[in-house]
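Report on the structure
Listed below are the residues making up each chain.
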Amino acid sequence: MNAEEQKLLEARLADCVRLGEKRPAFLGFLDLSERAEAEAYLRHIRAENWMLFGGWPDAERVMLGVFPDYLAPDASHFPLLGLTVSFRKQDTLSHRDFLGSFLAQGVVRASLGDILVEEGRAVLFVKTELAPHFLSQIEKIGRVGVRIRGGFDEPLPAAHTFQPVSGVVASERLDCLVALLAGTGRERAAQMISGGFVSINHRETLSAAARVHDGDVISIRRCGRFIIDALGPKTKKGRLSIRCRKYI
């Protein structure tokens with residue numbers, strides 16, 4: 001997210017907070033980067049009566065809800081719905097197929113939450129105002145016929161699959177981790193970090209010396225996204241073992 005995009009997002013957040021003083025106000029869907037910026041902004045202004053929700057507990061794309069003092073934040077107030085898309089199991093559809101088809105029909109990305117896909121079924125979350133369009137107008141994803149109904153059954157399709165990654169690094173410094181994960185040297189890793197190619201927990205980080213912790217998510221442009229499961233223990237040679245997963 002560049003400086004101009006951050007400035008625009010902060011203006012939208014300020015409007016949402018102001019409106020939320022009188023009635024529930026909502027912003028989004030926010031992507032992971034926007035979500036991280038929103039949380040930092042709300043902590044900075046010491047906002048209290050707010051909630052992030054995307055239709056299910058582990059949602060990545062979420063709405064921000066800001067509520068007046070008299071109303072406790074609650075998921076039931078959010079203007080979003082979950083929809084189920086059914087199709088033949090022999091027709092393979094991916095997240096990219098769904099997203100590309102919706103955008104081609106003029107659906108704005110900010111109106112779409114997570115799209116969870118498995119064999120023969122997808123569950124997607126949309127703004128309530130958009131649900132009638134999906135229910136009555138969408139009959140195909142590409143060349144594949146689909147049926148859409150309101151609501152969804154659990155368990156939901158898996159949001160991600162992962163590839164395990166392990167190795168050893170000199171320390172918890174970001175350049176050490178990036179060098180390992182990107183398969184490059186520390187000097188090149190430091191250049192990638194200073195060039196804005198790396199984020200920790202979806203916020204751009206420009207310091208090669210930044211410390212990484214268990215549970216952090218490291219995103220490296222053109223290399224992928226990784227969640228750090230464990231840093232340590234140290235090896236006999238004093239290096240730090242690392243276990244993580246790459247999103248695939």
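Criteria and thresholds
Residues numbered from 1 in each chain as written. Predicted model: local features only at pLDDT ≥ 70, side-chain atom pairs only at ≥ 80, totals over all residues. Heavy atoms only, no water. Axes fitted to C-alpha atoms, helices over the stretch in contact; angles between N-to-C directions. Helix = DSSP H or I, 4+ residues; strand = E, 2+ residues; numbered from the N terminus. Parallel < 35°, antiparallel > 145°, perpendicular 65-115°, else oblique. Left-handed = near helix turned anticlockwise from the far one by under 90°. Contact = heavy atoms within 4.5 Å. Nonpolar A, V, L, I, M, F, W, Y, C, P; charged D, E, K, R; others polar. Buried < 20%, exposed > 50% of the residue type's maximum accessible area, 1.4 Å probe, protein only. Arc of directions from axis to C-beta. Pairing = 2+ DSSP bridges. Expected span 1.5 Å × (residues − 1). Polar contact = N/O pair within 3.5 Å; in protein donor to acceptor, adjacent residues only side chain to side chain. Core = buried A, V, L, I, M, F, W, Y, C linked by side-chain atoms within 4.5 Å. 1 Å grid on protein atoms, 1.4 Å probe; cavity = no way out; pocket = protein on both sides within 12 Å on 5 of 7 lines; lining within 4 Å. Points joined across faces, edges and corners; volume = space filled by probe spheres on them.

1. Details of the packing of helix α1 (residues 3-19) against helix α2 (residues 32-44)
Two numbers describe how α1 lies on α2: the axes approach to 10 Å, and their chain directions differ by 55°. Taken together, α1 and α2 sit at an angle that is classed as oblique. Note on packing geometry: the crossing formed by α1 with α2 is right-handed. Contacts between α1 and α2 involve Gln6, Leu9, Glu10, Arg12, Leu13, Ala14 and Val17 from the former and Glu34, Glu37, Ala38, Tyr41 and Leu42 from the latter. The residue inventory of the contact of α1 with α2, partitioned by class, reads 7 nonpolar, 1 polar and 4 charged.

2. A closer look at helix α6 (residues 186-194)
Three or more residues of α6 are buried, namely Ala189, Met192 and Ile193. The buried residues of α6 occupy an angular sector of 100° when projected down its axis, which confines them to one face. After α6 finishes, the residue Gly196 shows a positive phi value of roughly 85°.

3. A short note on the sheet that holds strand β4 (residues 80-86)
The 4 strands lie next to each other as β5-β6-β4-β9, forming an open sheet whose pairing is antiparallel. Whereas interior strands pair on both sides, the edge strands pair on one side only; in this sheet they are β5 (112-118) and β9 (147-150). For this sheet, the mean inter-axis angle between neighbouring strands, taken without regard to orientation, is 20°. Direction of pairing for β4 relative to strand β6 (residues 121-127): antiparallel, over a ladder of 7 bridges. In the strand pairing of β6, Ser86 is matched with Arg121. Across the sheet, helix α3 (residues 95-104) touches β4, β5 and β6, and the angle it forms with β5 is around 140°.

4. Notes on α2
Between its terminal C-alpha atoms α2 stretches 18 Å, which fits the 18 Å expected from 13 residues at 1.5 Å a residue. Considered for burial, the residues of α2 that qualify are Leu32, Ala36, Glu37, Ala38, Ala40, Tyr41 and Leu42. For α2, the secondary structure elements touched by its buried residues are α1, β1 (25-30), β2 (50-53), β3 (62-66), β12 (203-204) and β14 (224-234). Put simply, Asp31 is the residue that caps the front of α2, since its side-chain oxygen is 3.1 Å from the backbone nitrogen of Ser33.

5. Description of the sheet that holds strand β15 (residues 240-247)
As summarised here, the arrangement of the 6 strands in space is β10-β15-β14-β13-β11-β12, forming an open sheet in which the pairing is antiparallel. What marks the edges here is a single partner per strand, and that holds for β10 (162-169) and β12. With respect to the sheet, helix α5 (residues 174-182) is in contact with β10, β11 (198-200), β13 (217-220), β14 and β15, its orientation differing from that of β13 by roughly 60°.

6. Considerations on the nonpolar core
Among the nonpolar cores identified, the biggest contains 27 residues, and Leu13, Leu64, Leu80 and Phe125 are the most heavily contacted of them. The set of elements that each furnish at least two residues to this core consists of α1, β1, α2, β2, β3 and β6. Listed in part, the 23 residues of the second largest apolar core include Leu177, Val198, Ala208 and Leu231.

7. Observations concerning the layout of surface pockets
Its boundaries defined by the atoms lining it, the largest pocket holds a volume of some 680 Å³. Considering the residues around the largest pocket, the lining is formed by 21 residues, among which Glu60, His95, Ile115, Ala159 and His160 are closest to the centre. Taken together, the residues of the lining of the largest pocket break down into 9 nonpolar, 5 polar and 7 charged. Within this model, the second largest pocket holds a volume of roughly 490 Å³. Lining the second largest pocket are 21 residues, and of these Met1, Ser33, Ser199, His202 and Ser219 lie nearest its centre.

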